[in-house]
Amino acid sequence: MTSRNWVDSVQLASLVGDLRAAGRSGGRIPPLLAAPQEGGPYRAFPDQPPAERQLDIGDAGDPGLAESSARAAGIALRKLGFDMNLFPVADVAPLDSPIGDRAYSDDPVVAEALTAAAIRGCRAAGIACAPKHFPGLGAASQSTGEGPARVGFDELTLHDRDLLPFEAAFAEGAEAVVLSHAFYTAYDPVTPASLTPLVTFELLREELGFEGVAITDDLGAGAIVARGAAAEAGGQGPAGGSAVTTAAVAALQAGADLLMISEPQDQEGVAKAILEAVGTGELSEGRLDEAVGRVLLLKQELGLL
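How each quantity is defined
Residues numbered from 1 in each chain as written. Predicted model: local features only at pLDDT ≥ 70, side-chain atom pairs only at ≥ 80, totals over all residues. Heavy atoms only, no water. Pairing = 2+ DSSP bridges. Helix = DSSP H or I, 4+ residues; strand = E, 2+ residues; numbered from the N terminus. Buried < 20%, exposed > 50% of the residue type's maximum accessible area, 1.4 Å probe, protein only. Patch = residues over 30% accessible without salt bridge, like charges linked within 9 Å, V, L, I, M, F, W, Y side chains within 5 Å. Areas by Shrake-Rupley, 256 points an atom, 1.4 Å probe, with all protein chains shown as cover. Salt bridge = Lys/Arg side-chain N within 4 Å of Asp/Glu carboxyl O. Lys, Arg positive; Asp, Glu negative; His and termini not counted. Charge placed at Lys NZ, Arg CZ, Asp CG, Glu CD. Contact = heavy atoms within 4.5 Å. Expected span 1.5 Å × (residues − 1). Arc of directions from axis to C-beta. Phe/Tyr/Trp six-rings, centres within 6.5 Å; stacked < 30°, edge-to-face > 60°.

Draft legend 1. Expanded view of the pairing of strand S10 (residues 188–192). As paired elements, strand S9 (residues 183–184) and S10 share two bridges and run antiparallel to each other. Residue pairing for S10: Tyr184 is matched across the bridge by Asp188. Remark: three residues form the turn of the hairpin made by S9 and S10, two consecutive strands paired antiparallel.

Encoded structure:
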């Protein structure tokens, strides 16, 4: 859920309760409800904490403040009925980065310490948190929300810089992670990270050993939609279906477990595309079972099952 669903905390709590009840109806498995509550202007719900941006906490360089801020946000979301915060921004980002004022710092050591503290705050609040945007979006050429973006670092630089906060988050028990839509020269220079197994399977799972839930960033982002436009124009890009539906299948194939889709009108098409991909063998049932298993395990850990 985002600020588009928000009126005030009373109505929001009522809406969340209705969603929870609808999700449980008919004996179904309860839904996992998530929201992006980063801080400052980057809050889905402006009347809820934290008032401070991650950048403000980074300027203070205080892990205690990072932990208490994350804990306050988590407690507020839990009271509203949420299970997960799509937070913190674990990117190592200078101020001129497209996400520079959303991240803690351009210093990897500072970002590492504050990200770890934020995850401790999440766990103290009893809420799952998903650091973003793996494997690091701070050096992106532009916002992936606007269009295709590239991170040109080599593998060693990414390991020594961008991956440090994510590794710290995983060590502190982060239950999930949000995958970036940028192109990474070190791994696959022509495919967004969220859609390539070189990032999700080989780097995230095999090399870093992360066993939690991998969530795509919004599949309606400009970096994804542009691929569909390129295909329609005869350039490189996915063929068949809309950019969002094609990317949804590709993301699952690549190892994602949950798909973030911001526009309701895309959801039915994505569900249909997934079923068709399984029917044709393009997407294996085993891959879906693996994704579902991770989500169910998270729900169990959160007391939803």
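The discussion continues.
Draft legend 2. Looking closely at the sheet that holds S10. Strand order in the open sheet made by the three strands is S7-S9-S10, with mixed pairing throughout. Two strands lie at the open edges of the sheet, namely strand S7 (150–151) and S10, each paired on one side alone.

Draft legend 3. Looking closely at the environment of Ala149. Its location among the elements puts Ala149 in the loop between strand S6 (132–134) and S7. Classification of Ala149 as buried rests on a relative accessible area of 1%. Sequence separation of Ala149 and Pro192 is 43 residues, and the distance between their C-alpha atoms is 8.7 Å.

Draft legend 4. A negative patch on the surface, seen in detail. Together, Asp154, Glu155, Asp160, Glu167 and Glu207 make up a region of like negative charge exposed at the surface. Following the sequence through the fold, Asp154 ends up in the loop between S7 and helix H5 (155–160).

Draft legend 5. How the structure looks around the pairing of strand S8 (residues 176–179). Alternating positions in S8 separate into two faces, Ala176 and Val178 on one and Val177 and Leu179 on the other, with burial throughout. With two bridges connecting them, S6 and S8 associate as parallel partners. Among the inter-strand pairings, Phe134 is bridged to a residue of S8, identified as Leu179. Pairing between S8 and strand S11 (residues 213–218): four bridges, direction parallel. Its bridge partner lying in S11, Leu179 is registered against Thr216.

Draft legend 6. Quick look at the environment of Ala248. When you line up the elements, Ala248 lands in helix H9 (residues 243–254). The sequence separation of Ala248 and Ile274 amounts to 26 residues, and the corresponding C-alpha distance is 7.6 Å. Residues in contact with Ala248, not counting those within four places in the same chain, are Leu219, Leu259 and Val270.

Draft legend 7. Main features of helix H1 (residues 9–24). In this model H1 runs 22 Å from its N-terminal to its C-terminal C-alpha over 16 residues, within 8% of the 22 Å that 1.5 Å per residue would give. Among the residues of H1, those classed as buried are Leu12, Val16, Arg20 and Gly23. The arc enclosing the buried residues of H1, seen along the axis, measures out at 75°, which places them on a common side. Looking at the residues trailing H1, positive phi occurs at Gly26, about 70°.

Draft legend 8. Fine view of the packing of aromatic side chains. Counted by the stated rule, this structure contains four aromatic pairs. Their ring planes at 40° and their centres at 6.3 Å tell us that Phe134 and Phe170 sit as a pair that is tilted. With a gap of 36 residues between them, Phe134 in strand S6 and Phe170 in helix H6 (residues 163–171) connect regions that are remote in the sequence. Each member of the pair, Phe134 together with Phe170, is buried.

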